[in-house]
Amino acid sequence: MLKEYDIIVVGGGHAGCEAAAAAANLGSSVLLITMNMNTIANMSCNPAMGGVAKGQIVREIDAMGGYSGIISDKTAIQFRMLNLSKGPAMWSPRVQSDRWLFAQEWRLMLEQTPNIDFWQDTVTEITTVKHKVTGVKTSLGMNVRSKSVVLTNGTFLNGLMHVGQKNFGGGRAGERNSTGITEQLKQLGFLDGRMKTGTPPRVDARSLDFTKMEEQKGDEFPSKFSFSDTKPLKDQRSCHITYTNQNVHDILASGLDRSPMFSGTIKGTGPRYCPSIEDKIVRFAERERHQIFVEPEGWDTVEIYVNGFSTSLPMDVQFAAIKQISGFENVKLFRPGYAIEYDYFPPTQLKHTLETKLVDNLYFAGQINGTTGYEEAGGQGLMAGINASLKVQEKQPLILGRDQAYIGVLIDDLITKGTDEPYRMFTSRAEYRILLRQDNADTRLTRLSHEIGLASSERLEALDHKEKTTEDILKHLNRTSIDPKDVNEFLKASGTSEINQKVKLSSIISRPQVTLNSVIKGLPKEKKTLSTFPQDCIEQAEIKIKYRGYIDREREMANKLNRLEDVKIKPHFDYHKLTSVSAEAREKLSKIRPNTIGQASRISGVSPSDVSVLLIHFGR
């Protein structure tokens, strides 16, 4: 019934959707198998995309020709650029999304993408011959052949949901779990583990008193995610902020003896940076209150996501506690919060391409690798889809370096260091974050993606125009001299020292108190010259002037360390022969099997002296 495919993608979440789109747009025939066609790209947790470091990943996905940025723009109800009070390396875009529109737009875009077929079913087995993928088997008895398989199972592998002392099988609320794959992969030699995540109650906005909360509006001049021609928001919906209090904490504490997390019922490790509310009151017992974000789930619905109140406590405790929050006194619940445990496979069993080391042409992406978050999943799905397609076409793989993308940092962290708790991306994980800004994701990645055939020619033309326009702005600022009498009044109003001789306009821009936009507004001559340029090009030019020294220094550091990436290690090298290397290092190197000295240097337990021995051994 179903033909043989180049690639089968298992799972229709964020990782699966990006994997299917990327592979199909590279010319591979793709079958997307999902348990429920109606929940493709469902936002299982909070209705939002982006945030600190996560927003950079979405922009990178978009710069490479993925769909997440476009769909986020089309379905946003609020846009905010976070961390604007800090340097540009920290600026992070985030949108509040319409949950239903988001899933609908994703499905429509996939349906309009040539080379993608769909099949609603549950995959129960990966078929292999001599540790090479040949296809999949499904619960309906289908045997579908393929050259490659991408597993993006999310939280569905042996998923177990917990509400108080009740637990039941499921992948998320209202959906069954997936069984069989874990057991088969273990038979093939894979190591597995167990993780846990949670979600808060959903409540009825009509039962809340928003006058008791702080309104959180979107940006006055909202930007957007995609570098394509999507439109920024004109109208926005507000979120609100409220807080827990001691009464809330006392009620929560009274139910800890029935908490599956504290009673030992839950065995999986939960996310360190997004703990449940009961975990917060125990770990941070000194705090009198915790922030709660009250987030609408769409333009028209009254359903509210109570961000910050994730819990698996019994329903009676959840309800009693949430009613004590200011503005929630008369709250009506749509459904309770719950925790979910699921299987994952330690990602040290993967190559940089996200292909498994044990089975050829089998790729893992998303929460199966121990990550948390739509954005991290989407980035992995994109790269798995790209590399599966490139391998099928017998082309060289695409591997992003740590100095090229947050996606590169994410994948390198996973396969080199592994993770025993849900991995979340932060700007602090990237040693080259001044290079990996959200504003220059297209400069870093679009040309690279176009070379492999993914990013369109239109995107490359737009990038060329942006870079030329930015260069024109820089040339103008570097060659234009400005007289003290024309600028001193503006400088005084800006809170910076006046000048006593002519200086280049670029030197004025380099001052921290002065922005290029303020110059355009404050100096009539420059308003005529520069106000016609696009805002993104003005932003790029200003960053290049203000942070040139930092950028050059970080690039130089990256180039030095990248020399270690040029020193390759044979795949089956016997590290136990290196008696000058520590026993721990020999053990870790034998397990991870790094491709380069650079990757070896990032393995926990491998010391600088061990790296020196490796360099000497390999002729450096």
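Residues numbered from 1 in each chain as written. Predicted model: local features only at pLDDT ≥ 70, side-chain atom pairs only at ≥ 80, totals over all residues. Heavy atoms only, no water.

## Description of the environment of Thr515
1) Next: Here Thr515 lies in the loop between helix H15 (505–509) and helix H16 (516–522).
2) Next: Here the alpha-carbon distance between Thr515 and Lys280, two residues 235 residues apart in the chain, equals 40 Å.
3) Next: Look past the residues within four positions of Thr515 in its chain and what remains in contact with it is Ile509 and Glu542. (Helix = DSSP H or I, 4+ residues; strand = E, 2+ residues; numbered from the N terminus. Contact = heavy atoms within 4.5 Å.)

## Description of the domain arrangement of the protein
1) Next: Once the domains are mapped, the protein shows domain 1 (5–197 + 342–452), domain 2 (202–337), domain 3 (457–549) and domain 4 (566–617).
2) Next: Taken together, the contact between domain 1 and domain 2 spans 50 residues of the former and 47 residues of the latter.
3) Next: Of the roughly 3,900 Å² buried between domain 1 and domain 2, counting both surfaces, carbon and sulfur atoms make up 58%.
4) Next: Where domain 1 touches domain 2, the interface holds three salt bridges.
5) Next: The partner of Glu421 in a salt bridge is Arg272, and the shortest N-O contact between them spans 2.8 Å.
6) Next: The tally of links from domain 1 across to domain 2 stands at 22 residue pairs in polar contact (both at pLDDT 80 or more). (Domains from an automatic or database assignment. Buried area = accessible area lost by both parts, 1.4 Å probe. Salt bridge = Lys/Arg side-chain N within 4 Å of Asp/Glu carboxyl O. Polar contact = N/O pair within 3.5 Å; in protein donor to acceptor, adjacent residues only side chain to side chain.)

## Focus on the pattern of salt bridges
1) Next: Taken as a whole and assessed by the stated rule, the structure comprises 35 salt bridges.
2) Next: Notably, a salt bridge pairs Lys54 with Glu375, separated by 3.4 Å at the nearest N-O pair. Here Glu375 lies in helix H10 (residues 374–392) and Lys54 lies in helix H2 (residues 54–63), a separation of 321 residues in the sequence.
3) Next: Residue classification places Glu375 among the buried positions, given a relative accessible area of 4%.
4) Next: A salt bridge links Arg459 to Asp62, with the nearest nitrogen and oxygen atoms 3.1 Å apart. Separated by 397 residues along the polypeptide, Arg459 in helix H13 (residues 457–479) and Asp62 in helix H2 bring together distant segments of the chain. As far as the burial class goes, Arg459 and Asp62 line up, both buried. (Buried < 20%, exposed > 50% of the residue type's maximum accessible area, 1.4 Å probe, protein only.)

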